[in-house]
Amino acid sequence: MSKIITLDEFIIQRQKDFPFSTGELSGLLRDIGVAAKIINREVNKAGLVDILGITDRQNIQGEEVRKLDEFADETLINCLKNSGQACGYASEEQDDFKVIPTHETANAKYAVLFDPLDGSSNIDVNVSIGTIFAIYRRTSEEGPCRLDDFLQKGSDLVAAGYIIYGSSTMLVYTTGKGVNGFTLDPSIGEFCLSHPNIRIPENGNLFSVNVGNFSKFPESVKDYIRYCMGEEDGKKPFSLRYIGSFVADFHRNLIKGGIFMYPPTLDRPEGKLRLLYECNPLAFIVEQAGGRSSDGFVRTLDEAPKALHQRVPLFIGSANMVKMAEEYCQ
């Protein structure tokens, strides 16, 4: 029987990858792991308590805020405040970034962004959902953080990850030294290393896209989807798999090989997914796993963010599949 390695043990072991680290990033990652356990607990019993359904407010995106969205947001915020390792945070559910105003965080090195509950429209129907987080080293001097600390390119990320709440709960993260996955063992309440050194296949036979928007896509994207569907002589079609929960679609393709697409549409030429909360962290992960991500023209991690809630088109997944999609776009 192989030795069980918990998330905390793994994070501590990996500190040696950062010779100038003094433990703040490790502490921050462990605190996010704690938040994930709390959120997972509520997700698993959501149908038994008054936590399903929507609240009476909308977020900055104009989307109805669900009760579990609100709970996940508050849980992450509280864990970040208690950790003392973050100078501030930005949440997809909040209008603006927030400073963590305590003496301990005045000199904190990191700014954290997160989507507390991705795919929340699936909560009430028991479909996999997730949490996405991104960690940057602050660019401002000591004192309260500033907007510039959050408006950084994805290539400047120091860590990113996601938690998927499904048939099992997994936490997947990278600090720029490969990608590792941890499965929550409910019997001991610990995330345990289950997927070391994840590598996405260069090619796959899965494609994920909302074909209900097909008529609104650019012709180049329609052509690529036709290619995926086998509308070429002798071409075997790929399998269409689309859950409508970005974390779940991404996770499947990361493990099995495939491409996820949310291209521009006639009514949303800028795309739907948020650059800072969704695209950058998962692009960082997929590149560390050997994959690729872009908007069809520009590498996702090279996009210069202009606003906290900026949206961009996205093609992400197996390297060769994304390259081909880019060729169609270009």
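Refer to the structure presented above.
Residues numbered from 1 in each chain as written. Predicted model: local features only at pLDDT ≥ 70, side-chain atom pairs only at ≥ 80, totals over all residues. Heavy atoms only, no water.

Description of the nonpolar core
Nonpolar side chains in soluble globular proteins tend to be buried together. The condition is simple: Think of a nonpolar core as a cluster: buried Ala, Val, Leu, Ile, Met, Phe, Trp, Tyr and Cys residues, connected wherever their side-chain atoms sit within 4.5 Å. To sort residues, take the accessible area from a 1.4 Å probe on protein chains only and compare it with the maximum for the residue type: under 20% means buried, over 50% means exposed, and anything in between is partly exposed. Starting at the N terminus, helices and strands are each numbered in turn, a helix being any DSSP run of H or I of at least four residues and a strand any DSSP run of E of at least two. Residue contacts are defined here by distance: any two heavy atoms, one from each residue, within 4.5 Å place the two residues in contact.
Counting 44 residues, the largest nonpolar core has Tyr 162, Phe 246, Phe 250, Leu 308 and Ile 316 as its most contacted members. For this core, the element with the most residues is helix 6 (residues 275-288), which contributes nine residues. With near-sequence residues (within four places) excluded, Ile 316 lies in contact with Phe 246, Phe 250, Gly 258, Ile 259, Phe 260, Leu 282, Ala 283, Val 286, Arg 292, Ser 293 and Val 322. Membership of the second largest hydrophobic core comes to 37 residues, among which are Leu 25, Leu 117, Ala 159 and Phe 191.

Let's talk about the sheet that holds strand 15 (residues 314-317)
Put simply, the rule reads: We call two strands paired when DSSP finds no fewer than two bridges between them. Convention adopted: a line fitted to C-alpha atoms gives each axis, helices being fitted over their contacting stretch, and angles between N-to-C directions are expressed from 0 to 180 degrees.
Reading across the sheet, the five strands line up as 12-11-13-15-14 and stay open at both edges, with mixed pairing between neighbours. The sheet terminates laterally at strand 12 (239-240) and strand 14 (292-294), the two strands that pair on one side only. Here strand 13 (residues 259-262) runs beside strand 15; their pairing, made up of four bridges, is antiparallel. Each bridged residue has a counterpart across the sheet, and for Met 261 the counterpart in strand 15 is Phe 315. Helix-sheet contacts for helix 5 (residues 246-256) involve strand 11 (206-208), strand 13 and strand 15, and the interaxial angle to strand 11 is about 165 degrees. Running at roughly 30 degrees to strand 15, helix 6 makes contact with strand 14 and strand 15 of the sheet.

Description of the side chain of His 251
With respect to the secondary-structure elements, His 251 resides in helix 5. Taking the relative accessible area as the measure of exposure, His 251 reaches 13% and is therefore buried. Not counting residues within four places of it along the chain, the set of residues in contact with His 251 comprises Tyr 162, Ile 164, Met 170 and Val 172.

So, the packing of aromatic side chains
Quick note on the threshold: Pairing of aromatic side chains here covers Phe, Tyr and the six-membered ring of Trp, requires ring centres within 6.5 Å, and sorts the geometry by plane angle: under 30 degrees stacked, over 60 edge-to-face, intermediate tilted.
According to the stated counting rule, one finds 13 aromatic pairs in the structure shown. Both rings, one in Tyr 242 and one in Phe 260, keep their centres 6.4 Å apart while their planes meet at 25 degrees; by these two values the pair is stacked. With Tyr 242 in the loop between strand 12 and helix 5 and Phe 260 in strand 13, this pair connects stretches of sequence that are 18 residues apart. Assessed through its relative accessible area of 33%, Tyr 242 is described here as partly exposed. Classification of Phe 260 as buried rests on a relative accessible area of 3%. Ring pairs connect the aromatic residues Tyr 162, Tyr 242, Phe 246, Phe 250 and Phe 260, which therefore count as one cluster.

Some thoughts on helix 4 (residues 219-228)
Residues of helix 4 that are buried: Val 221, Lys 222, Tyr 224, Ile 225, Tyr 227 and Cys 228. Of the surrounding elements, those touching the buried residues of helix 4 are strand 11, strand 13, strand 15 and helix 7 (319-329). Looking at the residues trailing helix 4, positive phi occurs at Gly 230, about 85 degrees.

A few points about the pairing of strand 8 (residues 169-174)
Burial of strand 8 is extensive: six of the six residues sit out of reach of the surface. Bridge count between strand 7 (residues 157-165) and strand 8: six bridges; the pairing is antiparallel. Paired with Ile 164 across the strands is Met 170, a residue of strand 8. With five bridges joining them, strand 8 and strand 9 (residues 179-185) adopt antiparallel strand pairing. Within strand 9, the position partnered with Leu 171 by the bridge is Phe 182. Hairpin geometry of strand 8 and strand 9 is characterised by an intervening segment of four residues between the two adjacent antiparallel strands and by a positive phi of about 85 degrees at Gly 176.

Overview of the pattern of salt bridges
In plain terms, the rule: Salt-bridge detection follows one rule: a side-chain nitrogen of Lys or Arg within 4 Å of a carboxyl oxygen of Asp or Glu.
Scanning the model with the defined rule gives 13 salt bridges in all. Among the ionic pairs, Glu 190 bridges to Lys 37, the shortest N-O distance being 3.5 Å. Here Lys 37 lies in helix 2 (residues 24-44) and Glu 190 lies in strand 10 (residues 190-195), a separation of 153 residues in the sequence. Exposure remark for Glu 190: the relative accessible area of 24% places this residue in the partly exposed category. Owing to a relative accessible area of 27%, Lys 37 belongs among the partly exposed residues under this scheme. For Arg 252, the salt bridge identified is with Asp 249, shortest N-O distance 2.9 Å. Separated by three residues within a single helix, Arg 252 and Asp 249 lie in helix 5, roughly one turn from each other. The same class applies to Arg 252 and to Asp 249, which are both buried. Within this structure, Glu 92, Arg 274 and Glu 278 form a network of salt bridges that share partners.

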